[in-house]
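What follows is the residue order along each chain.
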Amino acid sequence: MATKRTTAKPPTPAPDPVEPASCQPCGGSGNVAITVRVGRKRRPVGQQDGLCLNCLGEGTTLGAA
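Residues numbered from 1 in each chain as written. Predicted model: local features only at pLDDT ≥ 70, side-chain atom pairs only at ≥ 80, totals over all residues. Heavy atoms only, no water.

1. What to know about the side chain of Thr60
Then, number 1: When you line up the elements, Thr60 lands in the segment after strand E2 (43-51).
Then, number 2: Residue Thr60 is classed as buried on the basis of its relative accessible area of 17%.
Then, number 3: At a separation of 3.0 Å, a polar atom in the side chain of Thr60 contacts the side chain of Glu58.
Then, number 4: Setting aside residues up to four positions removed in sequence, Thr60 forms contacts with Pro20, Ala21, Ser22, Cys23 and Cys55. (Helix = DSSP H or I, 4+ residues; strand = E, 2+ residues; numbered from the N terminus. Buried < 20%, exposed > 50% of the residue type's maximum accessible area, 1.4 Å probe, protein only. Polar contact = N/O pair within 3.5 Å; in protein donor to acceptor, adjacent residues only side chain to side chain. Contact = heavy atoms within 4.5 Å.)

2. Remarks on the pairing of strand E1 (residues 31-38)
Then, number 1: With eight bridges connecting them, E1 and E2 associate as antiparallel partners. Residue pairing across strands places Arg37 opposite Pro44, the latter belonging to E2. (Pairing = 2+ DSSP bridges.)

3. Points about unusual backbone geometry
Then, number 1: Phi angles above zero are rare outside glycine, and Arg42 is one such case at about 60 degrees.
Then, number 2: Mapped onto the fold, Arg42 is located in the loop between E1 and E2.
Then, number 3: One non-glycine residue, Leu56, lies in the positive phi region at around 60 degrees.
Then, number 4: When you line up the elements, Leu56 lands in the segment after E2.

Written out as structure tokens, the structure reads:
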């Protein structure tokens, strides 16, 4: 007959919650500046806000979530 195991491992503490890293291109805002171009020579006339394609507007990197 096999001997009975009497010792148990102590429970491991829960890890501290990690704050997700902010997105590099948009800085965590979810918006990036897009240059607006007009005319046949495509000259830049201004900028408008656009959705950040790196984090899809979430503001955090997708791998961290």
